[in-house]
Amino acid sequence: MSAGIYTLIMLNLSFMGLLPRIFFRGDGKFNLMWWLTSAPFFLSALLASLYYFKFLVLMPEVAVFQVVLEGVSAALSVVSISLMCYTLGTHRRPLALWHQNNDAPVEIVTYGAYKYIRHPFYSSFILAALATLVLCPSIWSALLVLYGLLILNYTAAREERNLSASAFGEKYRAYMTQSGRFIPKF
């Protein structure tokens, strides 16, 4: 793995890890569900580091494609970082951390990054995990992606239930028919 691609992956995952400090509201708690949701992404950084520092190595039949894997991983990382930045720029006010009891909505955002995707932050996190999977293909990285998808899907469904039951419920339910959860709906 080249130093450049390792740096890009680590920047992507570090940016995700910094979001609670640079964007989300300060009244949230890093409760158990928050840690369970963020765990696959912290572990993805650890896995990439293990490969970079050669504690783990790619299988020889995969290693021959390393340049291609690095290119795809770099593209996924750039899209992930771009989507996080676009989502940050869409918001006028910080959001609550995941799994908070005090995350009652004050508005429904359906423009910018949210025009086609209901959870663009989560989509960017999934792209970051996929970038790690492509760069470090193994059963461990595949399991991290699978777990990340499942826990983010659970989190998104919970948020959607809360938003649908809120004062903005009717508007949010209409918005759900026009947008995809993690993948754009055109």
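Residues numbered from 1 in each chain as written. Predicted model: local features only at pLDDT ≥ 70, side-chain atom pairs only at ≥ 80, totals over all residues. Heavy atoms only, no water.

Trainee: Just checking my understanding: could you explain the packing of helix α1 (residues 3–22) against helix α2 (residues 32–52) for this structure?
Mentor: A pair of packed helices is characterised by two quantities: the angle between their axes and the separation of those axes. Put simply, α1 and α2 touch, their axes get as near as 10 Å, and they point 160° apart. Relative to α2, the element α1 is oriented roughly antiparallel. At the point where α1 passes α2, the crossing takes the left-handed sense. Contacts between α1 and α2 involve Ala-3, Tyr-6, Ile-9, Met-10, Leu-13, Met-16 and Pro-20 from the former and Trp-34, Phe-41, Ser-44, Ala-45, Ala-48, Ser-49 and Tyr-52 from the latter. When grouped by side-chain class, the residues that make up the contact of α1 with α2 number 12 nonpolar, two polar and no charged. (Axes fitted to C-alpha atoms, helices over the stretch in contact; angles between N-to-C directions. Helix = DSSP H or I, 4+ residues; strand = E, 2+ residues; numbered from the N terminus. Parallel < 35°, antiparallel > 145°, perpendicular 65-115°, else oblique. Left-handed = near helix turned anticlockwise from the far one by under 90°. Contact = heavy atoms within 4.5 Å. Nonpolar A, V, L, I, M, F, W, Y, C, P; charged D, E, K, R; others polar.)

Trainee: Would you mind going over α1 with me for this structure?
Mentor: An ideal rise of 1.5 Å per residue puts 28 Å on 20 residues; α1 measures up with 26 Å between its terminal C-alpha atoms. In α1, a bend of some 30° at Met-16 exceeds every other bend along the element, and Pro-20, a proline, comes one to four places later. Along α1, the positions that sit buried rather than exposed are Ile-5, Tyr-6, Leu-8, Ile-9, Asn-12, Leu-13, Phe-15, Met-16, Leu-19 and Pro-20. Buried residues along α1 sit in contact with α2, α4 (66–90) and α5 (120–135). (Expected span 1.5 Å × (residues − 1). Bend = angle between axes of the 7 residues up to and from the residue. Buried < 20%, exposed > 50% of the residue type's maximum accessible area, 1.4 Å probe, protein only.)

Trainee: Looking at this structure, how should I read unusual backbone geometry?
Mentor: The phi torsion of most residues other than glycine is negative, and most of the peptide bonds are trans. Of note, Lys-54 is a non-glycine position whose phi angle comes to about 65°, a positive value. Position of Lys-54 among the secondary structure elements: in the loop between α2 and α3 (60–63).

Trainee: When you look at the packing of aromatic side chains in this model, what are you seeing that I'm missing?
Mentor: Any two aromatic rings considered together are summarised by their centre-to-centre distance and by the angle between their planes. On inspection of all chains with the given rule, the structure shows 14 aromatic pairs. Following the ring pairs from residue to residue traces out a cluster consisting of Phe-23, Phe-41, Phe-121, Tyr-122, Phe-125 and Phe-182. (Phe/Tyr/Trp six-rings, centres within 6.5 Å; stacked < 30°, edge-to-face > 60°.)

Trainee: When you look at the pattern of salt bridges in this model, what are you seeing that I'm missing?
Mentor: Where charged atoms from two side chains of opposite charge come close, those side chains can pair. Counted under the stated rule, the structure contains two salt bridges. The partner of Glu-160 in a salt bridge is Arg-118, with the nearest N and O atoms 2.7 Å apart. Here Glu-160, found in helix α6 (residues 139–164), pairs with Arg-118, found in the loop between α4 and α5; they are 42 residues apart in sequence, far enough to count as distant. Each of the two residues, Glu-160 as well as Arg-118, counts as buried. According to the relative accessible area criterion, Glu-160 is buried, its value standing at 4%. Connected via shared salt-bridge partners are Arg-118, Glu-160 and Arg-181. (Salt bridge = Lys/Arg side-chain N within 4 Å of Asp/Glu carboxyl O.)

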